[in-house]
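Close look at the chain arrangement
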Amino acid sequence: MNWDAIADRSIQDVPPGREEALAVLRAPGAELPAVLTAAYRVRRHFHGNRVKIHVLLNAMSGLCSEDCGFCSQSREASGPVEKHRLLPVDAMVEAARKAKEAKAWKFCIVTSTRGPNERQLEAVCEAVRRIKAEVGIRVCASLGILEDGQAERLKASGLDRFNHNLETSERRFPEICSTHAYDDRVRTVRAAQSAGLEACSGGIIGMGESDEDVVEMAFNARALGATSVPVNFFDPRPGTSLAGCPPPSPAKCLLALCLFRFVNPSRDIRAAGGREKNLRSLQALALYPCNSIFTGGYLTTPGNRPNEDHQMIHDLGFVIEEDGSS
Ligand code: SF4
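Read on for a plain summary of the structure. (Residues numbered from 1 in each chain as written. Predicted model: local features only at pLDDT ≥ 70, side-chain atom pairs only at ≥ 80, totals over all residues.)

A word on the site of the ligand
Applicable threshold: Near, for a residue, is defined by distance from a backbone-placed C-beta atom to a molecule or strand, with 6 Å as the limit that must not be exceeded. Charged means Asp, Glu, Lys or Arg here, nonpolar means Ala, Val, Leu, Ile, Met, Phe, Trp, Tyr, Cys or Pro, and polar covers whatever is left, Gly included.
Cys64, Glu66, Cys68, Cys71, Gln73, Ser74, Ser112 and Gly144 make up every residue found near the ligand. Its residues assigned to classes, the shell around the ligand comprises 3 nonpolar, 4 polar and 1 charged.

As for the packing of helix 2 (residues 18-25) against helix 10 (residues 250-263)
Heads up, the rule is: Only C-alpha atoms enter the line fits that serve as axes; for helices the fit covers just the stretch in contact. Angles between N-to-C directions range over 0 to 180 degrees. Secondary structure elements follow DSSP: runs of H or I no shorter than four residues count as helices, runs of E no shorter than two count as strands, and numbering proceeds from the N terminus. Oblique is the label for every angle not falling under 35 degrees (roughly parallel), over 145 degrees (roughly antiparallel), or within 65 to 115 degrees (roughly perpendicular). Whether two residues are in contact is decided by their C-beta atoms, placed from the backbone, lying within 7 Å.
With their axes 8 Å apart at the nearest point, helix 2 and helix 10 run at an angle of 150° to one another. On the basis of their axis angle, the class for helix 2 and helix 10 is roughly antiparallel. Listed contacts from helix 10 to Ala21, Val24 and Leu25 of helix 2 are Leu255, Ala256, Cys258, Leu259, Phe262 and Val263. Split into classes, the residues belonging to the contact of helix 2 with helix 10 amount to 9 nonpolar, no polar and no charged.

Here we look at unusual backbone geometry
Among all residues save glycine, negative phi is the norm, and among peptide bonds the norm is trans. In this model, Lys103 sits at a positive phi of 65°, which is unusual for a non-glycine residue. Here Lys103 shows up in the loop between helix 4 (89-101) and strand 2 (106-111).

Description of helix 12 (residues 306-315)
Quick note on the threshold: Put plainly, a residue is buried at 20 or more neighbouring C-beta atoms within 10 Å of its own, exposed at 12 or fewer, and partly exposed in between, counting only other residues' C-beta atoms, which are placed from the backbone. Summarising the geometry, the arc corresponds to the directions from the helix axis toward the C-beta atoms.
Pro306, Asp309 and Ile313 are the residues of helix 12 that are buried. Taken end-on, helix 12 shows its buried residues confined to a sector of 65°, consistent with a single buried face. Exposed and facing more than 90 degrees away from the buried side of helix 12 are Asn307, His314 and Asp315. Where helix 12 is buried, its residues contact strand 1 (50-60), strand 9 (292-294) and strand 10 (319-320). Note on helix 12: the residue one or two positions beyond its end, Gly317, has a positive phi of about 85°.

Next comes the structure, spelled out in structure tokens:
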């Protein structure tokens, strides 16, 4: 396969064909450096050597009514996970301040819920208003499925971006979740975009999906037009129905990131949850296709400390893209 030709077309915003996309995912080990080099050309064209760091806050933990099979915060999950209601606004503002100190480009408020009720929505809006005024950092929220008018209120509060992941392919979604539909997720992403918010929407690699499913995920992210595409790597949580899924190899994770880059050339592609556990010693190589990472841990699992990630970025000769917005 001519990886350079795929990169040349991707730079022109022409994605690979489906067969080429499958070939990326199935590239043999000896081809991995060539695929990474081609994906890096596309990344460098659109994002230089800059890295956007994101910091998450689990603002309401372990209390979700939904049954997503991968999620330790689901009503169905029986593993040990911290449970708390929505944090006070002061705590959200303080977490944003710490994210800024960690050189974050964006701070993300996440709640484990099907969707926000009135009190939760107003509290998040108030937190966003205060963060923009007192901290000065871009803010994303991930609050589940939005009802009519909620995206507009979040936008009016000053929110920059709304996250809602499609999680897996449309074909596979009903095997992962029965309490809401793939279309519910697509509708919420579209509602956020219609309200003028940037959309962040990605998925999880390693939940037993096929290569064809991964290709569909990459193309669905493109069709959705999400500004930001987080690619998570499944980290099986005890007490969840998908806990027995075998992990993808580090090379497979990297090839999936390259595919997302070729298909979504100008977007922010983020090596997201499960990076440390699944990529192991190859973590740094994820920054060749990706221009973004989370630091400081995830919703219910730990991750690298910010200073470790800063060092990794520096060691590669890349630079942290900090945010000075308000
Ligand atoms: S809706 Fe979100 S928080 Fe709730 S179970 Fe699904 S993934 Fe977990």
